[in-house]
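Spelled out from the first residue to the last, the chains are:
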There are 2 protein chains.
Amino acid sequence: MQKLFQYFRKFNPLSKEAENAIAEICSIVTIKRNKDLQPIGHTCKTIYFINKGVARIYYFKDGIDITESFSFENSIIARVESLFTGKPSRKAIQILEDAEVVAINANQLFKLYDTFPEIERLFRKIFEVAYVETVNRIEGMQFHSAEERYNALLNEAPNVLMRVPLKYVASYLGITQVSLSRIRAQH
Amino acid sequence: MQKLFQYFRKFNPLSKEAENAIAEICSIVTIKRNKDLQPIGHTCKTIYFINKGVARIYYFKDGIDITESFSFENSIIARVESLFTGKPSRKAIQILEDAEVVAINANQLFKLYDTFPEIERLFRKIFEVAYVETVNRIEGMQFHSAEERYNALLNEAPNVLMRVPLKYVASYLGITQVSLSRIRAQH
DNA sequence: CTATTCTTTTAACATAAGATAAAAAATCAG
DNA sequence: CTGATTTTTTATCTTATGTTAAAAGAATAG
């Protein structure tokens, strides 16, 4: 839990009471590689913080496995298109390296917003930053060749290429695995 | 201003005091077609609500004009990657049809968050929905051909194709204008 | 350690989309 | 209304990426 509160502090420092209230609605989950933390079709009611390990959000399009995003230690992961709409998600969260995560009960968290405006503010800021990252990612996808997107990933998030199977990276970049391999071959 | 408050009500109904406080920090701006509402390089300190007209966010990549998004009546437009980070934006907001917009002073708005948690909640919800739309757009770009993306736009937002020059639509879809024209030719 | 399975690379061919140029059509200013 | 400008389409050629298949390499379970 300490890592989580440190992470929170970067966005909006909380009072002890608020921290305790959050601690009440959290649980620690350990989960093995290749397991789904949340399955496809389930409505997202949990926000996760990764203490240790790697995870990805993925879905199937025409039977093909597509990675939407990766998450590493000290970051939040949630299927927001379900969390914020209350609808079931067509996406799943899968663990790529044995993980320990903090599971935050979202419904109880949203109730805390009423008593602790500072908690609402904290999560507002967390998701504002995530929103900005997503907007920037659209820019990266709009007019870059596959090779440029690969090089950008190599520069901005080399940990992805070091810790994640390339077959998952390919769909994340919006290309086939064969294309990715070809790009890597020509340095 | 009435349209704005109606729009707000869909997200989070406000008290009369909160509405009045927001009205205080708003101004009405009318602006002509082809004008920039906000130029490139300026830090975003205003959130706009469109009463009438059409606008787009655009930027230049390697000298080429690229449209990030379109906005129509009864919606919010802001360059969030600047608004939420305080950094200058490499993007501009351009008016595509003579417009009337409500300009909300963002710094004053953020101050209102301290006295009116209901206002903070309102904008939290507004941007959560915008965040979800952006996540869904990534999905649309990840593994669809140009033709599929065109057809999706035709179904989901035909007003874009009806009211916006095609040269702007092409870059929005992540393709060249020539490609877009070719796709349209084959029905 | 070995066999099996999973992952990555390589090869050959097909195709969608880019680049450039020019024609046609539409829009706009005077 | 007319000429000038902007936007859209069409044509030709090139190239990047997809598709399929198979080989090579790495990881894993027993």
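Residues numbered from 1 in each chain as written. Chains lettered and ligands numbered in written order. Predicted model: local features only at pLDDT ≥ 70, side-chain atom pairs only at ≥ 80, totals over all residues. Heavy atoms only, no water.

1. Here we look at helix α8 (residues 166–173) of chain A
Residue and element names in this part refer to chain A.
- Extensive coverage of α8 is indicated by the burial of 6 of its 8 residues.
- Of all the residues in α8, the buried ones are Y168, V169, A170, S171, Y172 and L173.
- Trailing α8 by a residue or two, G174 shows a phi angle of about 80°, which is positive. (Buried < 20%, exposed > 50% of the residue type's maximum accessible area, 1.4 Å probe, protein only. Helix = DSSP H or I, 4+ residues; strand = E, 2+ residues; numbered from the N terminus.)

2. Examining the relation of the copies chain A and chain B
- Expressed as a screw operation, the relation of chain A to chain B combines 0.0 Å of axial shift with a rotation of 180°, fitting to an RMSD of 0.0 Å. Interpreted geometrically, this transformation is the action of a two-fold axis.
- Looking at the interface residues of chain A, 100% of them are also at the interface in chain B, so both copies use one shared face. (Least-squares fit on C-alpha atoms with pLDDT ≥ 70 in both. Contact = heavy atoms within 4.5 Å.)

3. A closer look at the domain arrangement of chain A
All names here are of chain A.
- Here the domain parsing of chain A yields domain 1 (2–136) and domain 2 (144–187).
- Between the C-alpha centres of domain 1 and domain 2 there is a distance of 25 Å.
- Facing 14 residues of domain 1, the contacting portion of domain 2 comprises 8 residues.
- Taken over both partners, the interface formed by domain 1 and domain 2 buries close to 930 Å², and the fraction arising from carbon and sulfur atoms is 62%. (Domains from an automatic or database assignment. Buried area = accessible area lost by both parts, 1.4 Å probe.)

4. Quick notes on the interface of chain A and chain B
- Listed as interface residues are 36 residues of chain A and, on the opposing side, 36 residues of chain B.
- Both faces combined, the contact of chain A with chain B buries some 3,700 Å², and carbon together with sulfur accounts for 62% of it.
- Counting the surface chain A buries against chain B, the share from its top three residues, Y131, Q142 and F143 of chain A, is 20%.
- Applying the counting criterion to the chain A and chain B interface returns 12 salt bridges.
- Salt-bridge contacts for E139 of chain B lead to K91 of chain A; the nearest nitrogen and oxygen are separated by 3.4 Å.
- On inspection of chain A and its partner chain B, the count reaches 18 residue pairs in polar contact (both at pLDDT 80 or more).
- Within the residue set of the side of chain A that touches chain B, elements represented by two or more residues are β3 (46–61), β4 (64–71), α3 (80–83), α4 (106–115), α5 (117–142) and α8 of chain A. (Salt bridge = Lys/Arg side-chain N within 4 Å of Asp/Glu carboxyl O. Polar contact = N/O pair within 3.5 Å; in protein donor to acceptor, adjacent residues only side chain to side chain.)

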